[in-house]
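Fold and geometry: a report
Okay, here's what each chain looks like letter by letter:
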Amino acid sequence: PNRFHLTITGFTVCGYPLSIFFIVVNEFCERFSYYGMRAVLVLYFRYFLRFDDDLATSIYHTFVALCYLTPILGAIVADSWLGKFKTIIYLSIVYAIGQVVMAVSAIHDITDTDRDGTPDNLTFVLSMVGLLLIALGTGGIKPCVAAFGGDQFQDHQAKQRSTFFSVFYLCINGGSLLSTIITPILRGQECGIHSQQKCYPLAFGVPAALMVVALVVFIIGSGMYHKTEPQGNIMLDVCKCIGFAIKNRFRHRSSSYPKRTHWMDWAEEKHEKLLIAQIKMVLKVLFLYIPLPMFWTLFDQKGSRWTLQATTMDGNFTVNPILILTLVPIMDSVVYPLIKKCGLNFTPLRRMTVGMFLAAMAFVAAALVQIQIDKTLPTFPSSSQSQLKLLNMGSIPLTVTLPNNDPFVIEAATVNHLEEVLLGIHITKPGYCHSWLTWMCFLNFYALSQLCVFISRFVNGMAGAVNVSTFGSIDYSSASNYSLISNGKATFTITNGANTCKYSREFGFGSSYTLLIPSHFVWGPTCSESISGVEDIQPNSFHMGWQIPQYFLITCGEVVFSVTGLEFSYSQAPSNMKAVLQAGWLFTVAIGNFIVLIVAEIAQIEEQWAEFVLFASLLVAVCVIFSIMAYFYTYMDPAEIEAQFRDKDGTEESDKEELQMQKKDFVDHHNDDDEAKQSKM
């Protein structure tokens, strides 16, 4: 074979092909790019594009689903047309362009032409185009990179190839770890020319740069790769073969015709037996994939529901990638060998079953956390109620009487709250001041029913307009819009053109404040003392550390499920369909994200903890089904099966010797499995 030529492709380091190191570095940079962008994507939707929680979640999962649908396209192109190497190159270019477009879409000085703080329609268009290109690029190369890495190993290096998939997954999560730490920090910076806002251009720009680095690194290693040539339009051949088998079986449905062992055997009249055997292997694995999307339904909610859950908590940390970097080597070097020594047959499919169960338990933990969070959140009025804020911006106390309520007094330069059923009163818009109450302003507080960040607003009770940094100009007897404020101490500059005042205040995570500049405000060194404020919503008090158990469980589940699944998909795939089967594995992720959208839409569960319990229950049920399917699954050696059919066509003796070597390596690698199940096909 070409891989044994005396070229640089034969060089090894520590028993591994030298080309593997370029692939690993490429994967690290690409995963940094992808997860770095994804780490702030929900926040970008929520606070830059001003989407609500449900819309932000829906678009997020739609994007993730597309990222795992396009691998099918990438696999077809790689196996049938361009080959894995060229497919990775071309789609990486598309990927990098998409990342650049996303970074440009977040530059508010370009996309907010009227300077009103709201992005123009161009922003939405650019962001959707960028996400579409990213989905096409990252999805298209997903099945190719893993399979291309597996192609670099010779047939007698099954154990090294198994280790490669673990290292491959470590690189994925190493890139994820750094990116999920760095990009939120970059987003937290203030940047802009005309106005200072959260720096989404930098948060998206750095991942774009890393994608360019990934492309360059992969190209540098070009001369060292073993590149398998595409073997024609394999997907078209597969579809034709399956279609003919179904049609032929239907034609011979009468009981007078003898039965055949497998329904695909009805294609023997027209197609080669080798192709039929390869399709049987693929269909057998794809059938096993049917229950798998439910795992990804739960897993990918880490980036949506769990992120939004964290915004109602106190604190900030990154845990999932750290746990993965720790658990992958622990599982490979400690847990699995220990289980083997205990005499337990912990086969790949049994590992995946355990992973699904651990993910279900993670959502039970998330539900328990959500119940505790709900106890700390403020109570908002129902659809038949209004929550009003009354501000006395004068210098004397005022008595207020509302319909069907007793009079009450609001002291000077203070804020009072009222939460009751107020039939007959309709607030047309925030900040509307009734003429019969000169110094009183009714503000609809119901709009704050979804608390995610620390927000604040100023109300001006002075005679004349003032300008407040971050909030802009505020007219007399008017209120500014709510603005996002960084956690901790913030300082604002208040000026009327002739005088300036500095005002500082501590802001808690998840809180909301209204700050009142009273009518008796006096400029001077102590001017800030006359500014009064009210804490509309208390800061979050339930710490994010309580999410660690659910992240630990979901990470353990990911390690034993996903790492095992990647290797399983490669080892059970025919030689000409490895990228296709990798795409089938990734397709389960796409279906899982669509299930999130469907279940969330149909269930219409108001309580978040109940939705978590629902997803956990569904996965437990699916886990039972998958365990039954796994029990009856027969492990295969694709190389042996393919060689059996080639032998019938006159395979040379040298090929037979190579087959014996492959068979020995396969049996050694799967010595945990039941030998009676080897190649039952």
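Just so it is clear, the model here is predicted, and its values are computed rather than measured. (Residues numbered from 1 in each chain as written. Predicted model: local features only at pLDDT ≥ 70, side-chain atom pairs only at ≥ 80, totals over all residues. Heavy atoms only, no water.)

A few words on the overall build of the chain. If you tally the helices and strands in the chain, you get 19 helices and 18 strands. The buried share of the chain, taken over its 681 residues, is 52%. Here the contacts in the chain between residues at least 6 apart in sequence split such that 74% fall between residues at least 24 apart. For the chain, the accessible surface area stands at approximately 30400 Å², while carbon and sulfur atoms represent 61% of it. (Helix = DSSP H or I, 4+ residues; strand = E, 2+ residues; numbered from the N terminus. Buried < 20%, exposed > 50% of the residue type's maximum accessible area, 1.4 Å probe, protein only. Contact = heavy atoms within 4.5 Å. Areas by Shrake-Rupley, 256 points an atom, 1.4 Å probe, with all protein chains shown as cover.)

Turning our attention to the nonpolar core. Core analysis: the largest hydrophobic core is formed by 129 residues, its most contacted members being Tyr44, Phe45 and Phe63. If we ignore the near neighbours within four places in the chain, the residues touching Phe63 are Tyr34, Met37, Leu41, Leu131, Ile134 and Ala135. Counting 19 residues, the second largest nonpolar core, distinct from the first, contains Phe458, Ile474, Ala490 and Phe492. (Core = buried A, V, L, I, M, F, W, Y, C linked by side-chain atoms within 4.5 Å.)

On to a nonpolar patch on the surface, then. Among the surface-exposed residues, Phe357, Val620, Val624, Ile628, Tyr631 and Phe632 lie close enough to one another that they form a single nonpolar patch of about 630 Å² accessible area. Ranked by residues supplied to the nonpolar patch, first place goes to helix H17 (residues 608–631) with 4 residues. As for its placement among the helices and strands, Phe632 is situated in the loop between H17 and helix H18 (638–648). (Patch = residues over 30% accessible without salt bridge, like charges linked within 9 Å, V, L, I, M, F, W, Y side chains within 5 Å. Salt bridge = Lys/Arg side-chain N within 4 Å of Asp/Glu carboxyl O.)

With respect to the element layout, Arg31 can be found in helix H1 (residues 19–39). You can call Arg31 buried: its relative accessible area is 3%. A polar side-chain atom of Arg31 sits 2.7 Å from a polar atom in the side chain of Glu30. Setting aside residues no more than four positions away along its own chain, Arg31 makes contact with Gly36, Tyr95, Thr138, Lys142, Ile172, Gly175 and Ser179. (Polar contact = N/O pair within 3.5 Å; in protein donor to acceptor, adjacent residues only side chain to side chain.)

Next up on the list: unusual backbone geometry. Not every positive phi belongs to a glycine, and Arg50 is a case in point at roughly 65°. Looking at where Arg50 falls in the secondary structure, it is placed in the loop between helix H2 (41–48) and helix H3 (53–82).

Evaluation of the coordinates by the stated rule reveals 1 disulfide. Disulfide partner of Cys191: Cys199, at an S-S distance of 2.3 Å. Negative torsions about the S-S bond denote left-handed disulfides, and the value of about 110° found for Cys191 with Cys199 makes this one right-handed. (Disulfide = S-S within 2.5 Å.)

The pairing of strand E15 (residues 488–495) with strand E16 (residues 500–507) spans 8 bridges and is classified as antiparallel. Of the residues in E16, the one forming a bridge with Lys489 is Glu506. Where E15 folds back on E16, the antiparallel hairpin that results is connected by 4 residues, among which Gly497 adopts a positive phi of roughly 100°. (Pairing = 2+ DSSP bridges.)

Okay, the sheet that holds strand E11 (residues 466–468) next. Strand pairing in a sheet takes place through backbone hydrogen bonds and is either antiparallel or parallel in direction. Strand order in this open sheet of 4 strands is E12-E11-E15-E16, and the pairing throughout is antiparallel. Whereas interior strands pair on both sides, the edge strands pair on one side only; in this sheet they are strand E12 (472–474) and E16. If you compare each strand with its neighbour and ignore which way they point, the axes differ by 30° on average. Relative to E12, E11 is paired through 3 bridges, and the arrangement is antiparallel. The residue bridging Asn467 from the neighbouring strand is Ser473, located in E12. (Axes fitted to C-alpha atoms, helices over the stretch in contact; angles between N-to-C directions.)

Let's shift gears to the pairing of strand E17 (residues 512–517). For E17, a buried count of 6 out of 6 residues is recorded, marking the element as mostly surrounded by other parts of the structure. As judged from the 5 bridges shared by E17 and strand E18 (residues 532–537), these two strands associate in the antiparallel manner. Within the sheet, the bridge partner assigned to Leu516 lies in E18 and is Ser532.

Within this structure, the stated rule accounts for 36 aromatic pairs. Considering the side-chain rings of Phe85 and Tyr225, the 5.8 Å spacing of their centres and the 55° angle between planes classify their relative orientation as tilted. Taken together, the residues span a long stretch of sequence, with Phe85 in helix H4 (residues 84–105) and Tyr225 in the loop between helix H8 (200–220) and helix H9 (234–251) at a distance of 140 residues. Relative accessible area serves as the criterion here: at 4%, Tyr225 is assigned to the buried category. Pairing Trp306 with Phe363 gives two aromatic rings, centres 5.3 Å apart and planes at 35°, and the pair type is tilted. You can see Trp306 sitting in helix H12 (residues 305–310) and its partner Phe363 sitting in helix H14 (residues 348–376), a full 57 residues away along the chain. Accessibility assignment for this pair places Trp306 and Phe363 in one class, buried. (Phe/Tyr/Trp six-rings, centres within 6.5 Å; stacked < 30°, edge-to-face > 60°.)

When the pLDDT values of the chain are averaged, the result is 76; 76% of them are 70 or greater. In the predicted structure, residues 417–454 sits below a pLDDT of 50 and forms 104 contacts with residues beyond four places in sequence or in another chain. (pLDDT = per-residue confidence, 0-100.)

Compared with the 45 Å implied by 1.5 Å per residue over 31 residues, the 46 Å span of helix H6 (residues 121–151) between its first and last C-alpha is a close match. Maximum bend of H6: about 35°, positioned at Lys142, with proline Pro143 one to four residues after it. (Expected span 1.5 Å × (residues − 1). Bend = angle between axes of the 7 residues up to and from the residue.)

Quick look at H9 now. In an α-helix, one full turn covers 3.6 residues, which means residues spaced three or four apart are oriented alike. Helix length check: H9, at 18 residues, gives a terminal C-alpha distance of 26 Å against a target of 26 Å (1.5 Å per residue), a fit within 8%. Looking only at H9, the buried set comprises Ile234, Val238, Cys241, Ile242, Phe244, Ala245 and Asn248. Take H9 and look down its axis: the buried residues cluster within an arc of 160°, on one side only. Away from its buried face, by an angle of more than 90 degrees, H9 presents the exposed residues Phe250 and Arg251. Elements that come into contact with the buried residues of H9 comprise H3 and helix H10 (273–289). (Arc of directions from axis to C-beta.)

Another aspect to go through is a positive patch on the surface. Together, Lys240, Lys247, Arg251 and Lys270 give the surface a local cluster of positive charge. Among the structural elements, Lys247 can be located in helix H9. For Lys247, a relative accessible area of 44% corresponds to the partly exposed category. (Lys, Arg positive; Asp, Glu negative; His and termini not counted. Charge placed at Lys NZ, Arg CZ, Asp CG, Glu CD.)

In this section: the packing of H1 against helix H7 (residues 158–187). Orientation of H1 relative to H7, taken along the N-to-C sense of each, is 35°, at an axis distance of 7 Å. As for how H1 packs across H7, the hand of that crossing is right-handed. When H1 is examined against H7, the residues Ile20, Val24, Glu27, Phe28, Arg31, Phe32, Tyr35, Gly36 and Ala39 are found in contact with a partner set consisting of Phe164, Phe168, Cys171, Ile172, Gly174, Gly175, Ser176, Leu178, Ser179, Thr180, Ile182 and Thr183. Of the residues that constitute the contact of H1 with H7, the class distribution is 12 nonpolar, 7 polar and 2 charged. (Left-handed = near helix turned anticlockwise from the far one by under 90°. Nonpolar A, V, L, I, M, F, W, Y, C, P; charged D, E, K, R; others polar.)

This brings us to the pattern of salt bridges. Any two side chains of opposite charge can pair, on the condition that their charged atoms come close. The final tally for this structure, using the stated rule, is 7 salt bridges. The partner of Glu30 in a salt bridge is Arg31, with the nearest N and O atoms 2.7 Å apart. No difference in accessibility class separates Glu30 from Arg31, as the two residues are buried. Note that Asp151 is salt-bridged to Lys84, the shortest N-O span being 2.9 Å. With Asp151 in helix H6 and Lys84 in helix H4, this pair connects stretches of sequence that are 67 residues apart. The residues Asp151 and Lys84 share a single accessibility class, namely buried. Because the salt bridges share partners, they merge into one network encompassing Glu27, Glu30 and Arg31.

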